[in-house]
Amino acid sequence: MSDVLLKVEGLRKNFGALKVTDNVDLAVEAGEIHALIGPNGAGKTTLIHQLSGNLKSDFGKIFFDGRDISPLSMQNRVHLGLARSFQITSILDGFSVLENVAMAVQARSGSSFRFFRNASREDDINAQASAALARVQLADRAHRRAGSLSHGEKRQLEIAIALATGARLLLLDEPLAGTGHEESAVLVDLMRSLRGSHTLVLIEHDMDAVFSLADHVSVLVYGRVIASGEPAAVRAHPDVRAAYLGEEEIA
Amino acid sequence: MSEAATPSLGPVSSSVIDAPHVRPPLLAQSAPWLIFGLFAAVPLLALATGDSFILVVATRMLIFALAALSLNLIMGYGALVSFGHAAYIGIGAYAVGILSSYGINDLLLQIAAALAASGLFALVTGYLSLRTSGVYFIMITLAFGQMAFFFMVSLSAFGGDDGISLSGRSTLFGADLLRSNLVLFYGVLGVLAAAFLLMRMLVASRFGRVLRGTRDNPTRMRAIGFSPFSFQLTAYVIAGMIAALAGVLLANQVQFVSPAYMTWARSGELIVMVVLGGMGTLLGPIIGATVFILLEDVLAHFSEHWKLGLGLILVLVVLGSRDGMSGLARRLRGGSDV
Ligand SMILES: Nc1ncnc2c1ncn2[C@@H]1O[C@H](COP(=O)(O)OP(=O)(O)OP(=O)(O)O)[C@@H](O)[C@H]1O
Ligand SMILES: [Mg+2]
């Protein structure tokens, strides 16, 4: 399993004088769970923005499945199989939970320039959307207004939407942030079950989750990757321990 | 995760939406029938009171309802506030005026010309306008609207500022059917009903769902793989063409065409109609246009300063309900969306 699915070379992003992404190299192998950790403000979300195409990079290249995707828009990267979730929940509050997911299925189910048939009655799309909801255990909320979900449920919905895009590579930005115990257990189980069928880049502050899930850990500090490797090796890395002042946090 | 772990938030009845087997409340279902039924009965009122002007006003209401309906597609369902929408009414009206000055009076030919010209104008200006958003979009559509206005003003071959007086109404297969105000009224009512059904279908379709999703959260839509631009442009073109159809009908009713139809003030009035009735609701623009024309007529009787009264009513409606008058009505009866 040494196929590199996502390769990042010399990626940079400055906000004014601030080097938020500073010459980042990264290799994510197909089927692995690659955790990206680092203190607040390290530039993790910015890196996800760049990888997903939401933010243009100043320098550097991104290869997905051997193909240079640097010039592609976010929507075109999704079509190739690279999807993301948002750290700050980004859902369609006014739509039903099911429709939020169905929309992602619709995006990859033929043309959306169809003007006649009622989209919310397309059984095939709804069935796939329901399946994604079931995987995050939100099936019983399908017909609720998405905006009326609890915070944790909205985080689950984020993941269901990303799953429903059919992407092979999921960039998950703090999927567990703000979830309750049981919700986070559901999501951790889900991510574990995705290993092999999907490739995950996982940003997470919950170190228990990170070290129970990750095959590979990269540590980002001030926009630089200061360590990258097997979880045990990274955990023991002196620079990493220094970066996380409260050493017990990562221990 | 168990049911107990996630307490349900909010009242279930209002948060459960679009469950496939839950039909909307009876009142919401019957509202279109009620409104179109009332309009269909207007000629009876005109007959009973002997006041034929009622029919003229009602026809005007329906024509502007059609224009407002079209604006609502982009404004209410796409969050694209166009401040140049009256230009399309003008294009439709001039299609009638210019063709009839060349002796082409056939309604279907005029409609075809109006749709082609407005579609092209919308395609080009929409393509440029949709590169901007928010206030810039409002400004650029305003600018294109004014350009169309000044173009017609300077076109002295077709009356320039003074416009064109038509010698009669359009003909259908050579027959002078529309000469009767009654036939025109029911014709316009039929067109509005068809446009209403078309809009209802569009909004619920795949296309409409992408448009609505983009209105609410464009980043989310891009993150699942949609490119909003082509959907927005398509909606912009459809809206422009339907407004041009309203222009064709207006020219026929008034038998006069002038650049005054295209001013930015007219575009503003269309926005007011949509907001008044309820943005992003199917019946809202029809209600809004009806009330607007009614106020224009009734309040104008009492005072020249009728727009002050309109302003007051608009403030009350907007403060009272973000969904305009149809939202107010919904709230009053505690039902769901129409
Ligand atoms: N659009 C922007 N303009 C200017 N500065 C920005 C912008 N976005 C992020 N930053 C800055 O870039 C740095 C990295 O932010 P980023 O959100 O990527 O960090 P992060 O690692 O995701 O942090 P957290 O763990 O808190 O989510 C921060 O100092 C932030 O203030
Ligand atoms: Mg972040």
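No experiment lies behind these values; they were computed from the predicted model shown.

Draft legend 1. Layout of the pattern of salt bridges. Per the counting criterion, the structure on display carries 16 salt bridges over all chains. Measuring nitrogen to oxygen at the nearest pair gives 3.2 Å for the salt bridge that ties R220 of chain B to E158 of chain A. Of this pair, R220 of chain B sits in helix α10 (residues 218-223) while E158 of chain A sits in helix α5 (residues 151-164), which puts the two residues in different chains. As far as burial versus exposure is concerned, R220 of chain B and E158 of chain A are alike and both buried. Between D176 of chain B and R179 of chain B there is a salt bridge whose closest N-O contact spans 3.5 Å. Relative accessible area serves as the criterion here: at 62%, R179 of chain B is assigned to the exposed category. What emerges from the salt-bridge pattern is a single network uniting R12, D22 and R224 of chain A.

Draft legend 2. Region of interest: the sheet that holds strand β2 (residues 18-29) of chain A. Residue and element names in this part refer to chain A. Strand order across the open sheet formed by four strands is β2-β1-β4-β5, with antiparallel pairing between neighbours. On the outer flanks of this sheet lie β2 and β5 (67-68), each paired with one strand and no other. Where strand β1 (residues 4-15) meets strand β4 (residues 59-64), five bridges bridge the pair, whose relative direction is antiparallel. Pairing of E9 across the sheet is with K61, part of β4.

Draft legend 3. View of the domain arrangement of chain A. Residues and elements named next belong to chain A. One can read the domain layout of chain A as domain 1 (1-81 + 169-251) and domain 2 (90-167). The C-alpha centroid of domain 2 is placed 25 Å from the C-alpha centroid of domain 1. Taken together, the contacts link 18 residues of domain 1 with 14 residues of domain 2. Taking both sides of the interface into account, the surface hidden between domain 1 and domain 2 amounts to around 1,300 Å²; carbon and sulfur atoms contribute 66%. On the domain 1 side of the interface with domain 2, the three residues burying the most area are E183, V186 and L190, jointly 31% of the side's total. At the boundary of domain 1 and domain 2, one finds zero salt bridges. When residues of the side of domain 1 that touches domain 2 are traced back to their parent elements, those giving at least two are β7 (169-173) and α6 (181-194). With six residues, the single largest contributor to the side of domain 1 that touches domain 2 is α6. Considering only residue class, the side of domain 1 that touches domain 2 consists of ten nonpolar, five polar and three charged.

Draft legend 4. View of helix α5 (residues 86-101) of chain B. When the terminal C-alpha atoms of α5 of chain B are compared, their 22 Å separation across 16 residues agrees well with the 22 Å that a helix rising 1.5 Å per residue should span. Burial analysis of α5 of chain B places 13 of its 16 residues in the buried class, the great majority of the element.

Draft legend 5. Summary view of a nonpolar patch on the surface. On the surface, L120, L123, V124, Y127 and L128 of chain B cluster together into a nonpolar patch covering about 460 Å² of accessible area. Mapping Y127 of chain B onto the fold places it in helix α6 (residues 107-129).

Draft legend 6. Representation of the packing of helix α12 (residues 264-277) of chain B against helix α14 (residues 306-320) of chain B. Residues and elements named next belong to chain B. Viewed as axis vectors pointing N to C, α12 and α14 meet at an angle of 40 degrees, and their least axial separation amounts to 10 Å. Classified by the angle between their axes, α12 and α14 sit oblique to one another. Crossing handedness for the pair α12 and α14: left-handed. Here E269, V272, V275 and L276 of α12 come into contact with α14, specifically with K307, I313, L314, V317 and V318. Considered class by class, the residues forming the contact of α12 with α14 number seven nonpolar, no polar and two charged.

Procedures and definitions
Residues numbered from 1 in each chain as written. Chains lettered and ligands numbered in written order. Predicted model: local features only at pLDDT ≥ 70, side-chain atom pairs only at ≥ 80, totals over all residues. Heavy atoms only, no water. Salt bridge = Lys/Arg side-chain N within 4 Å of Asp/Glu carboxyl O. Helix = DSSP H or I, 4+ residues; strand = E, 2+ residues; numbered from the N terminus. Buried < 20%, exposed > 50% of the residue type's maximum accessible area, 1.4 Å probe, protein only. Pairing = 2+ DSSP bridges. Domains from an automatic or database assignment. Contact = heavy atoms within 4.5 Å. Buried area = accessible area lost by both parts, 1.4 Å probe. Nonpolar A, V, L, I, M, F, W, Y, C, P; charged D, E, K, R; others polar. Expected span 1.5 Å × (residues − 1). Patch = residues over 30% accessible without salt bridge, like charges linked within 9 Å, V, L, I, M, F, W, Y side chains within 5 Å. Areas by Shrake-Rupley, 256 points an atom, 1.4 Å probe, with all protein chains shown as cover. Axes fitted to C-alpha atoms, helices over the stretch in contact; angles between N-to-C directions. Parallel < 35°, antiparallel > 145°, perpendicular 65-115°, else oblique. Left-handed = near helix turned anticlockwise from the far one by under 90°.

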